[in-house]
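# Structure assessment
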Amino acid sequence: MSDHAVLHVKGRVLVGPEDVRDELWVVGGRVTYDRPSGAADDVRTVEGWALPGLVDAHCHVGLDAHGPVDADTAEKQALTDRDIGALLLRDAGSPSDTRWIDDREDLPKIIRAGRHIARTRRYIRNYAHEIEPEDLVAYVAQEARRGDGWVKLVGDWIDREAGDLTACWPRAEVTAAIAEAHRLGARVTAHCFAEDSLRDLVEAGIDCIEHATGLTEETIPLFAERGVAIVPTLVNIATFPHLAAGGEQKFPRWSAHMRRLHERRYDTVRAAYDAGVPVFAGTDAGGSLAHGLVAAEIVELTRAGIPPVDALSATTWGAREWLGRPGLAEGAPADLVVYASDPRADVRVLAAPRRVVLNGRVVG
């Protein structure tokens, strides 16, 4: 397909959950609902059910289980996401500089959160800035300037002396740090598995919590009242029993805690959804987890009891609005995925895209 080709997408175009149109056109890489004037020499037609490009709101391009990776590996990660239809990625912390991806029209668009900020010796080695609380404000300011409107904290992690997950940051310091991020125009999110850190983070003004397995009847209403989003990463939470087995002998309390969080994971997500907490789709790909799992994450959200249309919104219309990026609006970049059948009827169709269109070009 040449740069001057016109793409005609016909069938059912899901501009929104209820806004369904018969066709759209791609001219100059952008969406239009007006038939192009004149007879185009090069028109390609794609038929099926079209959605805005999927969002993976928690992944890590440029990172693997051991730390930063080379550009070739990062490219493969981005291509794996692209080929499943994940065309907008919120990179929730990476030590790699992946700005070069922004110059590649064939790779997904990335919203970066800078590098993770963790307590000293309280996170995965080679991932984070590891600092003490007195330096938190300065590091948050640094990563707010480096990122694309987000900063990522590690809110809790195993405390080897306690033998269990504990909160990483004192309330006063995290409150000051979040205020500084907001002053600089960035939102703040935090990795949180356990219960302990959540109230302090939400009352400090945090915008989002990753994983959020520690939500309880006491904290869910607080999230709903403050509009704090969660990204449950259920495909990652599925690994908790394996992690627990590996740490059982050395840290039995932590191991039992991880199993409890895993056992109630679906109930936790459903309770948050029922209370009105915004829920978005993310996979946590790029640490020890493979990329390209966003379709599996949507299936997991439905298993938790989220209705299929709302699970779809968590990776399409709603997720894009939350991140401030357009969907299939007139004049928007033509980032879309076409399926053989209606994904609202069966979200499992997301695992088999018929066509992937990025910046107006058919790339898969």
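Look up: the structure comes first, before these words.
Residues numbered from 1 in each chain as written. Predicted model: local features only at pLDDT ≥ 70, side-chain atom pairs only at ≥ 80, totals over all residues. Heavy atoms only, no water.

### Some remarks on the pattern of salt bridges
- Enumeration over the complete set of coordinates arrives at 26 salt bridges.
- Close ionic contact of Asp148 with Arg99 constitutes a salt bridge, the shortest N to O distance being 2.8 Å. Of this pair, Asp148 sits in the loop between helix 2 (136-146) and strand 12 (150-154) while Arg99 sits in the loop between strand 8 (86-91) and strand 9 (109-112); the two residues are 49 residues apart in sequence, bridging distant segments of the chain.
- Under the relative-accessibility criterion, Asp148 is labelled partly exposed at 25%.
- One continuous salt-bridge network, built from bridges that share partners, spans Arg99, Asp102, Arg112 and Asp148. (Salt bridge = Lys/Arg side-chain N within 4 Å of Asp/Glu carboxyl O. Helix = DSSP H or I, 4+ residues; strand = E, 2+ residues; numbered from the N terminus. Buried < 20%, exposed > 50% of the residue type's maximum accessible area, 1.4 Å probe, protein only.)

### Quick word on the packing of aromatic side chains
- A complete count under the given rule lists 6 aromatic pairs for this structure.
- Summarising the aromatic geometry, the rings of Tyr123 and Trp157 are spaced 4.8 Å apart at their centres and angled 75 degrees between planes, so their arrangement reads as edge-to-face. Of the two residues, Tyr123 sits in the loop between strand 10 (117-119) and strand 11 (129-131) while Trp157 sits in strand 13 (residues 156-159), which places them 34 residues apart along the sequence. Considered together, Tyr123 and Trp157 belong to a single accessibility category, that of buried residues.
- Cluster of aromatic residues (ring-pair linked, three or more members): Tyr123, Tyr127, Trp157, Phe193 and Phe240.
- Just above the ring of Tyr33 sits the side chain of Arg21; from NZ or CZ to the centre is 4.3 Å.
- Above the plane of the ring of Tyr266 lies Arg265, whose end atom (NZ or CZ) is 4.3 Å from the centre. (Phe/Tyr/Trp six-rings, centres within 6.5 Å; stacked < 30°, edge-to-face > 60°. Lys NZ or Arg CZ within 6 Å of the ring centre and 35° of its normal.)

### A closer look at a positive patch on the surface
- Taken together, the side chains of Arg121, Arg125, Arg160 and Lys250 define a basic patch exposed on the protein surface.
- Mapping Arg160 onto the fold places it in the loop between strand 13 and strand 14 (164-167).
- Of the residues examined, Arg160 reaches a relative accessible area of 49% and is grouped as partly exposed. (Patch = residues over 30% accessible without salt bridge, like charges linked within 9 Å, V, L, I, M, F, W, Y side chains within 5 Å. Areas by Shrake-Rupley, 256 points an atom, 1.4 Å probe, with all protein chains shown as cover. Lys, Arg positive; Asp, Glu negative; His and termini not counted. Charge placed at Lys NZ, Arg CZ, Asp CG, Glu CD.)

### Section: the state of the cysteines
- Within the structure shown, the criterion is met by 0 disulfides.
- The thiol of Cys168 is unpaired, and the distance to the nearest cysteine sulfur, on Cys192, comes to 8.3 Å.
- Using a relative accessible area of 1% as the deciding quantity, one classes Cys168 as buried. (Disulfide = S-S within 2.5 Å.)

### Examining the packing of helix 7 (residues 240-247) against helix 8 (residues 252-263)
- Across the interface, helix 7 lies against helix 8 with an axial gap of 8 Å and an inter-helix angle of 170 degrees. Between helix 7 and helix 8, the interaxial angle falls into the category roughly antiparallel. For the pair helix 7 and helix 8, contact is made by Phe240, Pro241, Leu243, Ala244, Ala245 and Gly247 and by Pro252, Trp254, Ser255, Met258, Arg259, Leu261 and His262, respectively.
- Of the residues in the contact of helix 7 with helix 8, the class split is 9 nonpolar, 3 polar and 1 charged. (Axes fitted to C-alpha atoms, helices over the stretch in contact; angles between N-to-C directions. Parallel < 35°, antiparallel > 145°, perpendicular 65-115°, else oblique. Contact = heavy atoms within 4.5 Å. Nonpolar A, V, L, I, M, F, W, Y, C, P; charged D, E, K, R; others polar.)

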